[in-house]
Amino acid sequence: MHQEDHALDLVLENNREKDLPEIDVSRTQGEFLRLLVQMTKAKRILEIGTLGGYSTICMAKGLSEGGKIITLEANSAHASCANENIVNAGFAECISVQLGAALETLPKLEQQNESFDFFFIDADKPNNPYYLEWALKLAEPGAVIIADNVVRDGELINRHSTDPRIHGIRTFIDMLAQEERIDSTAIQTVGEKGYDGFVIGRVRD
Ligand code: SAM
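Owing to the predicted nature of the structure, the values given are computational and were not obtained by experimental measurement. (Residues numbered from 1 in each chain as written. Predicted model: local features only at pLDDT ≥ 70, side-chain atom pairs only at ≥ 80, totals over all residues. Heavy atoms only, no water.)

Enquirer: Quick question: what am I supposed to make of the side chain of Asp148 here?
Expert: Within the secondary structure layout, Asp148 lies in strand β5 (residues 139-148). For Asp148, which is buried and forms no salt bridge, the nearest opposite charge comes from Lys125, at a distance of 5.7 Å. Asp148 has contacts with Val25, Phe120, Ile121, Asp122, Lys125, Gly197 and Phe198, leaving out every residue within four places of it along the chain. (Helix = DSSP H or I, 4+ residues; strand = E, 2+ residues; numbered from the N terminus. Buried < 20%, exposed > 50% of the residue type's maximum accessible area, 1.4 Å probe, protein only. Lys, Arg positive; Asp, Glu negative; His and termini not counted. Salt bridge = Lys/Arg side-chain N within 4 Å of Asp/Glu carboxyl O. Contact = heavy atoms within 4.5 Å.)

Right under this line is the structure:
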């Protein structure tokens, strides 16, 4: 379906050397993100949750000329590994890794009058409801919002779950269902990373 990608293999190799957890998107999911970026002709992407930059680099591969990605990461070891990977993959010009807890960085982006046409939310799931609020604040009309890990082996339908990640994702999905500013749905995925899914939404014009 898609070709081997040496640059992406090197990212995973460096992540392993630096002991990063293997919680990046899969190769197939990364290709899905790249295609979405390409199909929507996104130019200003905000990612929440960088890890080693695997998904960031996948999205950068779909960016059109002059496109930019800002990616937010709370863990300094992850951010530093991501910066190495981004330089090695040749995307230093178009990707900026911003270190800090996203809920502290996001207000700074607002103060700087930043706006985005594509969002990928993939950090600490209990904060997903806040990330949705921030995405809506920073979104341009027609912006695409993607969030990962919204199925979690089907655990999402367990309304009695005490897992704060499940609680965060359930609240996030309830908010989307009631939110008039966005059209959204969920796609279930299965593969090397197990049974999970993405939310995909489009901010209304
Ligand atoms: N998107 C990455 C990929 O597919 O290659 C994977 C991201 S990983 C699932 C989640 C990342 O979010 C971790 O690196 C973690 O340190 C970071 N993170 C967790 N809480 C955060 C927060 N409050 N603000 C910013 N980043 C956070």
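The rest of the description comes next.
Enquirer: When you look at the nonpolar core in this model, what are you seeing that I'm missing?
Expert: A general feature of soluble globular proteins is that nonpolar side chains tend to end up buried together. Leu46, Leu106, Phe119 and Ile145 are the most contacted members of the largest nonpolar core, which has 29 residues in total. Only β1 (44-48), β2 (68-73), α5 (102-111), β4 (116-121), α6 (128-138), β5, α7 (164-178) and β7 (194-203) provide two or more residues apiece to this core. Considering every element that reaches this core, the biggest residue donor is α6, with 6 residues. Residues contacting Leu106, with those up to four places away along its chain left out, are Leu46, Ile48, Leu72, Tyr131, Trp134 and Leu138. (Core = buried A, V, L, I, M, F, W, Y, C linked by side-chain atoms within 4.5 Å.)

Enquirer: In this structure, what is going on with the pattern of salt bridges? I would like to understand it.
Expert: If charged atoms from side chains of opposite charge come close, those side chains can pair. For the coordinates displayed, the defined rule picks out 10 salt bridges. In this structure, Arg27 and Glu31 form a salt bridge, with 3.6 Å as the shortest nitrogen-oxygen distance. Placement of the pair is Arg27 and Glu31 together in helix α2 (residues 27-40), with a separation of 4 residues, close to one helical turn. On the basis of relative accessibility, which here comes to 15%, the residue Glu31 falls in the buried class. Here Asp122 makes a salt bridge to Lys125, at a shortest N to O gap of 2.9 Å. In this structure Asp122 comes out as buried when scored by relative accessible area, which is 14%. Each of Arg27, Glu31 and Arg34 takes part in salt bridges that share partners, so that together they form one network.

Enquirer: What exactly am I supposed to notice about the state of the cysteines here?
Expert: Here, the word disulfide means a covalent bond between the sulfur atoms of two cysteines. Here the structure, examined in full by the defined rule, presents 0 disulfides. The closest cysteine sulfur to the non-disulfide-bonded Cys58 is located on Cys94, 13 Å from its own sulfur. (Disulfide = S-S within 2.5 Å.)

Enquirer: Sorry if this is basic, but what is going on with the site of the ligand here?
Expert: As a structural note, the neighbourhood of the ligand is formed by 22 residues, with Val25, Ser55, Glu73, His78 and Asp122 the closest of them. At a separation of 2.8 Å, an oxygen atom of the ligand approaches a polar backbone atom of Val25. Ala74 is positioned such that a nitrogen or oxygen atom in its backbone is 3.1 Å from a nitrogen atom of the ligand. Of all the elements in the fold, those that place two or more residues in the shell around the ligand are α3 (54-60) and β2. When grouped by side-chain class, the residues that make up the shell around the ligand number 11 nonpolar, 6 polar and 5 charged. (Near = heavy atom within 4 Å. Polar contact = N/O pair within 3.5 Å; in protein donor to acceptor, adjacent residues only side chain to side chain. Nonpolar A, V, L, I, M, F, W, Y, C, P; charged D, E, K, R; others polar.)

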